Amino acid sequence: MLNSLQAIRNRRMLWSLDVIELNKQISELTSQNQMLATLKQQGLIDPDIFISQNNELTEQLRTAKLKKERLLVADGDSTIAQTRELMEILDAGPDFLDDFDAELFGELVEKIIVDSSEQLRFRLKNGLELVEIIERTVR
């Protein structure tokens, strides 16, 4: 589940306008750096100018990559971290419950939503919602 959440987050972020713009910038800077290396290889540029331009392009490239990484990390989506916390709570708890454990329930469930007289939704602390159908026995 964690892997799926991470993949979804990454796919969503790849289509972010900020990330797309940074990817374009990174691509352009990389192309400029390759062109500069080609000019040096062909002897068409002074070595001092090459070093200066190469250092400037490398710094711009590093800055753009750092911005992109910060943007991806600071997505603000806490679902993955909250899911890890829930998994740790479950791992620390008992393997089998004989009775209802109110404390464990309180650590996992944010709220219960009554959709109808036949259906409940349990919203977990990580935002995941589990639907439970209420089965009525006829007396």
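Residues numbered from 1 in each chain as written. Predicted model: local features only at pLDDT ≥ 70, side-chain atom pairs only at ≥ 80, totals over all residues. Heavy atoms only, no water.

## Regarding the side chain of asparagine 33
You can see asparagine 33 is positioned in helix α2 (residues 17–41). Every residue in contact with asparagine 33, bar those within four places of it in the chain, is listed here: Asn54, Leu57 and Thr58. (Helix = DSSP H or I, 4+ residues; strand = E, 2+ residues; numbered from the N terminus. Contact = heavy atoms within 4.5 Å.)

## Considerations on the sheet that holds strand β3 (residues 129–133)
With antiparallel pairing, the three strands of this open sheet are ordered in space as β1-β2-β3. Strand pairing shows two members of the sheet lacking a second neighbour, β1 (109–116) and β3, which therefore form its edges. Recorded for the sheet is a direction-independent mean angle of 20° between the axes of neighbouring strands. By the bridge criterion, five bridges tie strand β2 (residues 119–124) to β3 in an arrangement that is antiparallel. (Pairing = 2+ DSSP bridges. Axes fitted to C-alpha atoms, helices over the stretch in contact; angles between N-to-C directions.)

## Brief notes about the pattern of salt bridges
Any two side chains of opposite charge can pair, given that their charged atoms come close. For the coordinates displayed, the defined rule picks out four salt bridges. With a shortest N-O distance of 2.9 Å, aspartate 115 and arginine 121 are connected by a salt bridge. On the basis of relative accessibility, which here comes to 34%, the residue aspartate 115 falls in the partly exposed class. Judged by relative accessible area, which is 22%, arginine 121 ranks as partly exposed. Note that arginine 121 and glutamate 129 form a salt bridge whose closest N and O atoms lie 2.5 Å from each other. For glutamate 129, a relative accessible area of 28% translates into the label partly exposed. (Salt bridge = Lys/Arg side-chain N within 4 Å of Asp/Glu carboxyl O. Buried < 20%, exposed > 50% of the residue type's maximum accessible area, 1.4 Å probe, protein only.)

## Examining the nonpolar core
Listed in full, the eight residues of the largest apolar core are Ile26, Leu29, Leu36, Ile45, Phe50, Leu57, Leu61 and Ala64. Elements represented by at least two residues in this core include exactly α2 and α3 (47–73). With residues near it in sequence (within four places) discarded, phenylalanine 50 still touches Leu36, Ala37, Lys40 and Ile45. Counting seven residues, the second largest nonpolar core, distinct from the first, contains Leu104, Val109, Leu120 and Phe122. (Core = buried A, V, L, I, M, F, W, Y, C linked by side-chain atoms within 4.5 Å.)

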